[in-house]
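# Coordinates in review
Below, each chain spelled out in residue letters.
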Amino acid sequence: MHARTVLAGACAGLLTLTLAACGGSGSSTSDATSTPAASTASASASAPALTLVDGWAKSTDSMPAGSMSMTGVFGTLTNATDKDIQVTGGMSPAGSMVETHETVKNASGTMQMQKDLDGFTVPAGGTFVLAPGANHLMVMGLTQELKVGSEVTLTLDTDSGPVEVTASVRAFPGAQESYVPTPSPSQ
Amino acid sequence: MTATTTGGPARRGLLASAAGAAGAFALAGWSASDGSPRGAPPRPQDADPATSVRPFRGEHQGGIADRPQTYAAFAALDLRPDVDRDAVRRLFTVLTDDIERLMTGAAPVTDQEPELAAVTAGLTVTVGVGPALVARAGATVPAWLAPLPAFSIDRIEERWSGGDLLLQLCAESPTTLAHAQRRLLTAIEPLCTLRWVQRGFREPFEGEHHPMRNLMGQVDGTVQPEVAGRDAGLLWCGDEGPAWLVGGSALVLRRIRMTLDTWDRVDRLSRENAIGRRLDTGAPVTAPAGATATAIADLNAKDSLGFHVIDDGAHLRRAHAMAPHERFLRRPYSYDDAPTEGSLSDSGLLFAAFMADPVRQFVPVQQRLADKDLLNLWTTPVGSAVFAILPGARDGELLGERLFA
């Protein structure tokens, strides 16, 4: 299972890059000089310290009307450096802020989502998986629709500075768990 | 006596003309579908068939000229009313990523059953578009991209016909197929509504000793144009049409219901007369003993009473190409669905044929079969659809990207 995940991640990273490359300018690019090898080379040459591999966000298309206040972002945070990276939250043009969320068992024994006040630690040279029903990022206070097949950008706050990541917006019927507002520790 | 021993390319061309254009039930050996030489083993020995992978990237999509997998599902969808040009592009963004992942076994990013996706089983997903989608993308609609004319034999039902978007899924595992279909349909659900799904199968043990046979027992869908060589122009769209379609093709999908209750009453000699071929080998009834399905039919041969040996209404004769361009690549699947009330079977053929121009290549043949074909006694077209099959996605490209050029 672990091996499969790693393989999928490596494959998907290339996909994300190629899709971003052809979608960025909005113009139709000629592929006469484009080769897989070139994609691979550019991927390793400019690999940032922290990336979101297979990043995706739940689209608002299929959300019930009126419930479109926030959405989950998933994927595999990948740390290419030799020191741990702490992700504590962030910003997105699609909403008011980005929060780190975790899944906890409440007093009645059911699983609920709540803000993870400590953030996520992506280990040096390792990964941190964001998945429905587990740890994930939330774009709070959505200010726009997230349409399936579009992209959403997040700027993550980390202890080594801001990191921009993108996620592909996808239809997803899950991730409808209830969320528990977490009292701020300062209050 | 086979095509290979009777002559060179000229004779083979004649053979392909004679049998290749046959309508629903044309016969003889599937050739070189994966680009391998004629006579090569029809089933490449994969290290592990469960995880065999067919290429997604390339000039053409998979699921067309490659060897037909055992199981297929054809799903047609309609665009939701509010889908505009941008939304069509987003549709292809999702499809390209998810199809590439499914075909390579990586699983779509939203897939919570990646273990099912890991069994690729030679999966191909082939994407086609109808005229409404092309129009919404703002691209040129080729003249042939329209419903086929109504033929006198047709009893077309809307529930098997038309559509804005086609997904043809083929795999060696029905589990793989079901999973891929479910994942793709849910992935694009905000943009499309499902119109119909038609599922089919071929002979799982298909090979030299076990040809594809339809459910009437006839060797089916085998003699083909040489699409990997000199007949490539019959299959792939070229510069004569819209630029976005170069390297693409057209799919004609006809759902042909078999009335097996009445077919059961027919003796084997009469069955062979109706088709013009022998049931055991698929060879033309004029061919000498020991001939194979690829033997050349003698349409002029007469019996002692002066009647044509190949009946004037035989399917082989009526489907015979009257011009070299009246040929196309057939990739048929049988269907055997749950019988409706009062019947014992709901069986037939998903006649899937790929070609560069259906109006030029397919319609004349279908017209002849509608005018006269003994097989019409037991077969009825109940579904019909035409799609433009997108060119393959090259490296860095989305499927359908050239629609937006």
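Up top is the structure these notes are about.
Overview of the structure. (Residues numbered from 1 in each chain as written. Chains lettered and ligands numbered in written order. Predicted model: local features only at pLDDT ≥ 70, side-chain atom pairs only at ≥ 80, totals over all residues. Heavy atoms only, no water.)

## Some remarks on the packing of helix α3 (residues 85–104) of chain B against helix α6 (residues 174–187) of chain B
All names here are of chain B. Under the convention used in this document: Fitting a line to C-alpha atoms yields each axis, with helices limited to the stretch in contact; the angle taken between N-to-C directions then spans 0 to 180 degrees. Numbering goes from the N terminus for both helices and strands, where a helix is a DSSP run of H or I of at least four residues and a strand is a run of E of at least two. With respect to orientation, any angle under 35 degrees is reported as roughly parallel, any angle over 145 as roughly antiparallel, any angle of 65 to 115 as roughly perpendicular, and every other angle as oblique. Two helices crossing with the near one rotated counterclockwise from the far one by less than a right angle form a left-handed crossing, whereas a clockwise rotation gives a right-handed crossing. It only takes one pair of heavy atoms within 4.5 Å for two residues to be counted as in contact. Throughout this entry, Asp, Glu, Lys and Arg are counted as charged residues, while Ala, Val, Leu, Ile, Met, Phe, Trp, Tyr, Cys and Pro are counted as nonpolar. The remaining residues, Gly among them, count as polar.
Viewed as axis vectors pointing N to C, α3 and α6 meet at an angle of 160 degrees, and their least axial separation amounts to 10 Å. Between α3 and α6, the interaxial angle falls into the category roughly antiparallel. Seen from above, α3 lies across α6 with right-handed handedness. Residues Val-94, Leu-95, Asp-98, Ile-99 and Leu-102 of α3 pack against His-179, Ala-180, Leu-184 and Ala-187 of α6. Among the residues forming the contact of α3 with α6, the class breakdown is seven nonpolar, one polar and one charged.

## Overview of unusual backbone geometry
The bulk of non-glycine residues show a negative phi, and the bulk of peptide bonds are trans. Positive phi is not limited to glycine here, since Asp-54 of chain A has a value of about 60 degrees. Considering the arrangement of structural elements, one finds Asp-54 of chain A in strand β1 (residues 50–58). Even without being glycine, Ala-107 of chain B reaches a positive phi, approximately 75 degrees. For Ala-107 of chain B, the position within the fold is in the loop between α3 and α4 (114–118).

## Considering a negative patch on the surface
Threshold: Like charges within 9 Å and nonpolar side chains (Val, Leu, Ile, Met, Phe, Trp, Tyr) within 5 Å are joined into patches, using only residues over 30% in relative accessible area that form no salt bridge. Note that accessible areas follow from Shrake-Rupley with a 1.4 Å probe, and for residues the cover is restricted to the protein chains shown. The term salt bridge refers to a side-chain nitrogen of Lys or Arg lying within 4 Å of a carboxyl oxygen of Asp or Glu. Only four residue types enter the charge count: Lys and Arg as positive, Asp and Glu as negative, with His and the chain ends excluded. In this description, the location of a charge corresponds to atom NZ of lysine, CZ of arginine, CG of aspartate or CD of glutamate. For each residue, the accessible area found with a 1.4 Å probe, counting protein chains only, is set against the maximum for its type, and the residue is called buried under 20%, exposed over 50%, and partly exposed in between.
Residues Asp-61 and Glu-145 of chain A together with Asp-82 and Asp-84 of chain B make up a contiguous surface patch of negative charge. With respect to the helices and strands, Asp-84 of chain B occurs in the loop between β1 (71–79) and α3. Residue class for Asp-84 of chain B comes out partly exposed when judged on its relative accessible area of 42%.

## Observations regarding the packing of aromatic side chains
Applicable threshold: Side-chain rings of Phe, Tyr and Trp (the six-membered ring for Trp) are treated as a pair once their centres are within 6.5 Å; stacked means planes under 30 degrees apart, edge-to-face means over 60, and tilted covers the remaining angles. Placement of a positive charge over a ring is assigned whenever Lys NZ or Arg CZ falls within 6 Å of the ring centre and within 35 degrees of the normal to the ring plane.
With the rule as written, the count across this model stands at eight aromatic pairs over all chains. On the basis of an interplanar angle of 25 degrees and a centroid distance of 4.6 Å, the ring pair of Phe-120 of chain A and Phe-128 of chain A is categorised as stacked. For Phe-120 of chain A, a relative accessible area of 1% puts it in the buried group. Across from the ring centre of Trp-160 of chain B, 3.8 Å away, lies the NZ or CZ of Arg-255 of chain B, which sits over that ring. Directly above the aromatic system of Tyr-335 of chain B lies the positively charged group of Arg-255 of chain B, at a separation of 3.8 Å from the ring centroid.

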